[in-house]
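An overview of the molecular structure
One-letter residues, chain by chain:
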Amino acid sequence: MKRYTSKAALGVLGAALVVPALATAPAQAEPTSVQAEVTEDYDVLVVGKTTGFRHSSIDEATTAIMALGQANGFSVDVWDPPTSPRNQGQPDRTLPSTPFTSASDLAKYETVVFVSTVDGTNSLNPATPTLLDEGELEAFQGYIRSGGGFAGVHAATDSMHTVPWYSELTGGSARFVSHPAQQTAVQVVEDGTHPSTEHLSGTWTRFDEWYNFTQSPRDAVRVLTNLDETSYNPGGNAMGADHPLSWCHNFESARSWYTGGGHTEASYVDPVFLEHLLGGIAWSAGAVSGGGDCVTWNEVESTTADLLAEGAISSKAATQVGKQLDKARVLAEAGSHADSADKLNAAAAQVQAHVNRGSGAYSLLLGKVQDLQVWQGGLE
């Protein structure tokens, strides 16, 4: 499993990631190209396996990701076997046997992409088989904990409802609960510093099937886009003003990215959506970086607390860093991102003043604070 680093905070070096023309796309504004340094080729596993409802767009999504790989230097394996007479999978593409054999076997892939992997567990009946069986889940958990990447598309949040760990991986324990009729809606771009959103303007209008979730994942993830429920009819289980639709976070040792879009087959010939998807896949694989790489306030706060509990930093260091983080977060939530970045610079100075510079705690905590600073500076 290879990892990549960018020489620039927003990844503006090297060749642009390319969105190939797969078919005639709907009329819309042309996206700007995502640009990032990609140091070498990488490998992606696309999982389309379903044991519950099967989305007709899984085949189109797989085709699109394979084309993106050909244009951008990554290989694609597919795991989408037949599971029932109505779920025939993709027999001409799927691997002959499960790739979820061990963490070391999965390590050949820089990221694993779950595309609408519905398994019928949303009833929360513990007797319903999950998408991955016990051994496969153990292998997947080992892969994630060893630094593997994850990208989830659309109904990836309608899978393994009875596995809390998986819902934390996909993001903040937010699970699919319902959706209204397909319609046009507006997403507000909250974070345009990420490789999956930097091509978007302040809002993104498109036609798709819009999910309502059991809860907002906002406290645990970095929200990239938020649905404006006033722009469409959200139906039952409406979430209100706080309705994230795409997000990213660092989970255990993995980069995790999710988008709620991608129900419709037309999504996979839409260059704007494809650029969104490509940025998420490449970021989750560690092939590109941007915007502080989805480090969140809670992540830095929990890291500080863990280092204090381990005795790796002093209580004075934790207190002084924490004060500056609190001030920076208040400013960020008020929309004063430049001032927030300044306070984060002060937090970094507290790390430099009060933590042993030769320690792992120093590089870990300083790096995360600086990632927050890059993010806030980019938002401004």
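Everything in this summary refers to the structure shown in the same document. (Residues numbered from 1 in each chain as written. Predicted model: local features only at pLDDT ≥ 70, side-chain atom pairs only at ≥ 80, totals over all residues. Heavy atoms only, no water.)

**What to know about the overall build of the chain**
When helices and strands are tallied, the chain shows nine helices and eleven strands. For the chain, the C-alpha radius of gyration of 20 Å lies close to 21 Å, the compact-globule estimate for 380 residues. Taken along its principal axes, the extent of the C-alpha atoms in the chain is 65 × 45 × 45 Å. When each of the 380 residues of the chain is scored for burial, the buried share is 54%. In the chain, 76% of the contacts between residues at least 6 apart in sequence involve partners at least 24 apart. Of the roughly 14,700 Å² of accessible surface on the chain, 50% is carried by carbon and sulfur atoms. (Helix = DSSP H or I, 4+ residues; strand = E, 2+ residues; numbered from the N terminus. Rg over C-alpha atoms; globule rule 2.2 N^0.38 Å. Buried < 20%, exposed > 50% of the residue type's maximum accessible area, 1.4 Å probe, protein only. Contact = heavy atoms within 4.5 Å. Areas by Shrake-Rupley, 256 points an atom, 1.4 Å probe, with all protein chains shown as cover.)

**Regarding the pairing of strand 1 (residues 42-47)**
In the case of a regular strand, side chains alternate between the two sheet surfaces. Among the six residues of strand 1, five are classified as buried, and the element is accordingly described as predominantly covered. Taken together, the six bridges between strand 1 and strand 2 (residues 74-79) define a ladder with parallel strand orientation. Counterpart to D43 in the pairing with strand 2 is S75. Regarding the hand of the β-α-β motif, the stretch spanning strand 1, helix 1 (residues 58-72) and strand 2 is right-handed. (Pairing = 2+ DSSP bridges. Right-handed = clockwise from strand over helix to strand, strands pointing away.)

**A few points about the sheet that holds strand 1**
A sheet is described by the order of its strands in space; here nine strands give the open sequence 2-1-3-4-11-10-9-6-7, paired in mixed fashion. Pairing within the sheet leaves two strands with one partner each, and these edge strands are strand 2 and strand 7 (203-208). With direction set aside, neighbouring strand axes in the sheet form an average angle of 20 degrees. Sheet analysis places strand 4 (residues 149-153) next to strand 11 (residues 254-259), joined by four bridges and oriented parallel. When the bridges of strand 11 are listed, V153 appears paired with T259. (Axes fitted to C-alpha atoms, helices over the stretch in contact; angles between N-to-C directions.)

**Structural notes on helix 9 (residues 360-379)**
With 20 residues, helix 9 extends 29 Å between its outermost C-alpha atoms, agreeing within 8% with the 28 Å of an ideal straight helix rising 1.5 Å per residue. Packing partners of the buried residues in helix 9 comprise strand 9 (222-228), helix 6 (297-309), helix 7 (315-333) and helix 8 (337-354). (Expected span 1.5 Å × (residues − 1).)

**What to know about the environment of L95**
Inspection of the secondary structure assignment puts L95 in the loop between strand 2 and helix 2 (103-106). L95 sits in the partly exposed class, given a relative accessible area of 21%.

**Quick word on the packing of helix 1 against helix 5 (residues 271-284)**
Look at helix 1 against helix 5: their axes get within 11 Å of each other, and the N-to-C directions meet at 70 degrees. Considering the angle they form, helix 1 stands roughly perpendicular to helix 5. As helix 1 runs across helix 5, the sense of the crossing is right-handed. In this structure, helix 1 uses A64, I65, L68 and N72 to contact helix 5, whose residues at the interface are L274, L277, L278 and I281. Taken together, the residues of the contact of helix 1 with helix 5 sort by class into seven nonpolar, one polar and no charged. (Parallel < 35°, antiparallel > 145°, perpendicular 65-115°, else oblique. Left-handed = near helix turned anticlockwise from the far one by under 90°. Nonpolar A, V, L, I, M, F, W, Y, C, P; charged D, E, K, R; others polar.)

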